[in-house]
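# Structural overview for review
The chain contents come next:
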Amino acid sequence: MTINHGSLSYLDPVRAEPWASFVEQIDRVAPHLGDLARWVETLKHPKRILVVDVPIIRDDGTIAHYEGYRVQHNLSRGPGKGGVRFHPAVSLNEVMALAGWMTIKNAALGLPFGGAKGGVRIDPRTFSPAELERITRRYTSEIGIVIGPDKDIPAPDVGTSEQTMAWMMDTYSMNVGHTASGVVTGKPIALGGSLGRQEGTGRGVCIAAREAGIRMGVPISGARIVVQGFGNVGGVAARIFRENGARVIALQDAEATLANPAGIDIPAALAHVAAHGSLVGFTGATSVSDDDFWQLECEYFVPAALEGQVTLERARRMRARIIVEGANGPTTPAADDILHERGILVIPDVLANAGGVTVSYFEWVQDFSSFFWSEEEINDRLESIMVKAFDAIWLTAKERKVSIRTAAFIIACQRVLAAREQRGLYP
Ligand code: NAD
């Protein structure tokens with residue numbers, strides 16, 4: 001079997017995903033790009049890839065080495081922007097795909113950034129806070145040659161937090177000899193972080209769901225919601241859905257799958273996770289099988305864990321009206337086709353979870369101007385950027401008779417490739 005890597009020899013020849021999914025999404029959009037299609041190969045060739053060794057002395061005195069990455073997928077429209085993931089499954093292939101989706105997301109929303117992503121292959125739960133600090137600082141120093149407030153600006157992702165960003169900001173600042181708060185976003189407020197950033201992604205997921213619901217006649221109030229992944233994205237989205245009158249009937253995290261048809265008390269579930277680290281042992285819902293979870297009848301299903309979760313096989317069984325992708329890359333292209341055939345609307349990641357990078361953009365702007373906005377201003381501006389992007393993407397989907405994902409890719413690729421063409425090829 002040939003693996004569609006886009007012919008990049010440095011990739012593992014056996015493991016194709018998720019970069020292969022990204023390449024396929026690009027292939028699907030190419031016929032819609034007119035003359036700009038001649039530049040489309042650009043998007044299958046990440047601009048810059050840095051693989052770094054992250055050695056630390058562990059608390060027991062042994063020396064350990066971890067592999068880290070920073071990929072700048074495309075910088076045609078501005079500095080790189082994208083999160084840093086600490087997870088045992090991080091690979092070059094995964095970071096490349098995540099960086100590619102950041103290029104598309106930033107362009108689809110009209111944010112003045114290119115796409116980038118980083119990661120270290122570790123399970124952060126198996127390290128002490130002191131070890132995590134050493135890993136973060138060494139990783140930041142190693143990628144210090146490519147990041148910077150006007151070069152590439154990391155942010156939190158799976159397994160990283162505002163504490164991680166504080167260490168990254170401090171390390172970079174120490175290395176350059178001055179405080180550079182704009183080098184990362186998702187920082188604590190005391191270090192130049194933005195109000196509303198921590199909940200920006202989940203809030204954006206709910207805005208995207210509401211906009212889809214208005215057009216499909218599926219109001220949020222009274223809707224049944226299923227959420228996979230109960231972290232920064234899924235936890236906040238579940239809370240805001242509930243505040244808007246929806247019933248969250250099932251939740252899944254890495255360790256537990258729970259359902260309660262009457263609606264789960266989300267603040268209680270969040271408090272349980274804050275105290276115990278996972279949903280295991282939460283008594284406000286009953287344990288269900290993974291199979292049952294994916295077949296629950298609901299109005300909105302929010303995958304907010306990892307990529308590749310909505311597989312072909314699951315897509316055949318899902319009984320949701322609308323899928324709102326909180327995670328990056330949760331739906332494979334084959335599953336996308338089945339969902340389309342079955343009339344299940346998918347609001348894609350590059351639109352649905354863009355609230356996080358949008359508020360990150362606000363944070364970066366505030367850091368540059370050293371002038372900070374109120375939470376109300378931030379939420380109003382988030383709302384207006386998300387709704388404008390949603391409108392344009394929805395309209396393109398209707399005009400071109402394509403999926404919302406393809407429409408978002410059309411708009412984004414046109415912006416990126418027009419910038420590429422106008423800049424011209426150096427030298
Ligand atoms: P997080 O680490 O805060 O939470 C991840 C959640 O997913 C946890 O509840 C974890 O237990 C659960 N999970 C992990 N593996 C799972 C599995 N196999 N099955 C079920 N649940 C599983 O991460 P996050 O920041 O909420 O990110 C979640 C997704 O959203 C990722 O795809 C990330 O790239 C994407 N995203 C995050 C942001 C952000 O601002 N944090 C922005 C845009 C997109």
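Residues numbered from 1 in each chain as written. Predicted model: local features only at pLDDT ≥ 70, side-chain atom pairs only at ≥ 80, totals over all residues. Heavy atoms only, no water.

## Let's talk about the domain arrangement of the protein
Cut-off, in case you're wondering: Residue ranges for the domains originate in an automatic or database domain assignment. Whether two residues are in contact is decided by their heavy atoms, any of which lying within 4.5 Å being enough. Here the quantity called buried area is the total loss of accessible area, with a 1.4 Å probe, experienced by two parts when brought into contact, counted for both.
Structurally, the protein comprises domain 1 (24–180) and domain 2 (199–352). Taking only C-alpha atoms into account, the centre of domain 1 sits 26 Å from that of domain 2. Taken together, the contacts link 16 residues of domain 1 with 12 residues of domain 2. Of all residues in domain 1, the largest losses of buried area upon contact with domain 2 belong to Arg28, Trp101 and Lys105, amounting jointly to 40% of the total for that side.

## A word on helix 3 (residues 129–143)
For the record, the criterion: Runs of E in the DSSP output that reach at least two residues are strands. Runs of H or I that reach at least four are helices, and both are numbered from the N terminus. Expected span of a helix, by definition, is 1.5 Å for each gap between consecutive residues, and there is one gap fewer than residues. Partly exposed residues are those whose accessible area sits between 20% and 50% of the maximum for their type, while under 20% is buried and over 50% is exposed, using a 1.4 Å probe and protein chains only. Note that the arc is defined by the directions from the helix axis to the C-beta atoms.
Between its first and last C-alpha atoms helix 3 spans 21 Å; for 15 residues at 1.5 Å apiece the expected length is 21 Å, and the two agree. Among all positions in helix 3, only Glu131, Leu132, Ile135, Thr136, Tyr139, Thr140 and Ile143 are buried. For helix 3, the angular spread of the buried residues around the axis is 165°, confining them to a single face. The inward-facing, buried residues of helix 3 contact strand 1 (48–57), strand 2 (63–74), strand 3 (80–86), strand 4 (115–120) and helix 4 (162–176).

## Quick word on the pairing of strand 6 (residues 224–228)
Put simply, the rule reads: For two strands to count as paired, DSSP must find a minimum of two bridges between them. Look down the strands so they point away from you; if going from the first strand over the helix to the second traces a clockwise path, that crossover is right-handed.
Of all five residues in strand 6, four are buried; the element is thus mostly enclosed. Bridge count for strand 6 against strand 7 (residues 247–252) is five bridges, and the pairing is parallel. Considered in strand 7, the bridge of Ile225 is made with Val248. Crossover handedness for the path strand 6 to helix 6 (residues 232–243) to strand 7: right-handed. Here strand 6 pairs with strand 10 (residues 297–303) via four bridges, running parallel. Within strand 10, the position partnered with Ile225 by the bridge is Tyr300.

## Notes on the environment of Leu195
The topology assignment puts Leu195 in the loop between helix 4 and helix 5 (200–216). Leu195 gets classed as partly exposed once you look at its relative accessible area, which sits at 34%. Here the alpha-carbon distance between Leu195 and Asn379, two residues 184 residues apart in the chain, equals 9.1 Å. Those residues in contact with Leu195 that lie beyond four places of it in its chain are Ile189, Val359, Trp373, Ser374, Glu375 and Ile378.

## Focus on the layout of surface pockets
Spelled out, the test is: A 1.4 Å probe that fits but cannot get out identifies a cavity on a 1 Å grid over protein atoms alone, an open set with protein on both sides within 12 Å along at least five of seven lines counts as a pocket, and a residue lines either if it has an atom within 4 Å of a point. Grid points are joined across faces, edges and corners, and a volume is the space filled by probe spheres set on the points. Throughout this entry, Asp, Glu, Lys and Arg are counted as charged residues, while Ala, Val, Leu, Ile, Met, Phe, Trp, Tyr, Cys and Pro are counted as nonpolar. The remaining residues, Gly among them, count as polar.
Approximately 460 Å³ is the volume found for the second largest pocket. Taken together, 22 residues line the second largest pocket, and the ones lying closest to its centre are His340, Val402, Ser403, Ile404 and Arg405. Going through the elements one at a time, helix 1 (19–29), helix 10 (333–341), strand 12 (345–347), helix 13 (375–400) and helix 14 (404–423) are the ones with two or more residues in the lining of the second largest pocket. Taken together, the residues that form the lining of the second largest pocket break down as 11 nonpolar, six polar and five charged.

## Focus: the site of the ligand
What counts here: Note on terminology: near, applied to a residue and a molecule or strand, indicates that one of the residue's heavy atoms is within 4 Å of it. The term polar contact refers here to a pair of N or O atoms within 3.5 Å; inside protein, the definition further demands a hydrogen-donor-capable atom paired with an acceptor-capable atom, and it admits residues adjacent in sequence only when both atoms are side-chain atoms. Each accessible area is a Shrake-Rupley estimate made with a 1.4 Å probe; only the visible protein chains count as cover when residues are assessed.
Close to the ligand lie 22 residues; Asp157, Thr201, Asn232, Val233 and Asn328 are nearest. Interatomic distance of 3.3 Å between a backbone N/O atom of Gly159 and an oxygen atom of the ligand. Contact with the protein chains covers 83% of the free accessible surface of the ligand, which is 830 Å². By residue class, the composition of the shell around the ligand is eight nonpolar, 10 polar and four charged. Structurally, the shell around the ligand is a two-domain feature, drawing no fewer than three residues from each of domain 1 (24–180) and domain 2 (199–352).

## A word on the packing of aromatic side chains
Stated formally: Each Phe, Tyr or Trp ring, with Trp reduced to its six-membered ring, pairs with another whose centre is within 6.5 Å; inter-plane angles below 30 degrees give stacked pairs, above 60 give edge-to-face pairs, and intermediate values give tilted ones. To sit over a ring, a charge needs its Lys NZ or Arg CZ within 6 Å of the ring centre and within 35 degrees of the ring normal.
Across all of its chains, the model carries 15 aromatic pairs by this definition. Seen from their ring centres, Phe113 and Trp364 are 4.9 Å apart, and the 65° between their planes marks the pair as edge-to-face. Within this pair, whereas Phe113 is found in the loop between helix 2 (92–109) and strand 4, its partner Trp364 is found in helix 12 (residues 355–369), the two being separated by 251 residues in sequence. Assigned by exposure class, Phe113 and Trp364 land together as buried. An aromatic cluster is built from Phe113, Tyr361, Phe362, Trp364, Phe368 and Trp373, whose rings are joined through pairwise contacts. Taking the ring centre of Trp394 as reference, the NZ or CZ of Arg215 above it sits at 5.6 Å.

## Things to note about the pattern of salt bridges
The test is simple: One side-chain nitrogen of Lys or Arg within 4 Å of one carboxyl oxygen of Asp or Glu is enough to make a salt bridge.
Tallying each qualifying case throughout the model produces 37 salt bridges. The salt bridge involving Asp152 is made with Arg70; its shortest N-O contact spans 2.7 Å. Placement of Asp152 in strand 5 (residues 152–156) and of Arg70 in strand 2 is noted, with a sequence separation of 82 residues between them. The exposure class assigned to Asp152 is buried, which follows from its relative accessible area of 0%. The salt bridge involving Arg137 is made with Glu133; its shortest N-O contact spans 2.9 Å. Of this pair, Arg137 and Glu133 both sit in helix 3, separated by four residues, roughly a single helical turn.

## Points about unusual backbone geometry
Of the consecutive residues Glu17 and Pro18, the connecting peptide bond is found in the cis state with omega at 5°. Positionally, Pro18 belongs in the segment before helix 1. In this structure, Pro427 follows Tyr426 across a cis peptide bond, with omega equal to 5°. Turning to its location among the elements, Pro427 is positioned in the segment after helix 14. The backbone of Ser370 sits at a positive phi, close to 50°, despite the residue not being glycine. Along the chain, Ser370 falls in the loop between helix 12 and helix 13. In this structure, Lys401 is a non-glycine residue whose phi angle is positive, near 55°. Considering the arrangement of structural elements, one finds Lys401 in the loop between helix 13 and helix 14. On the accessibility criterion, Lys401 (74% relative accessible area) is exposed.

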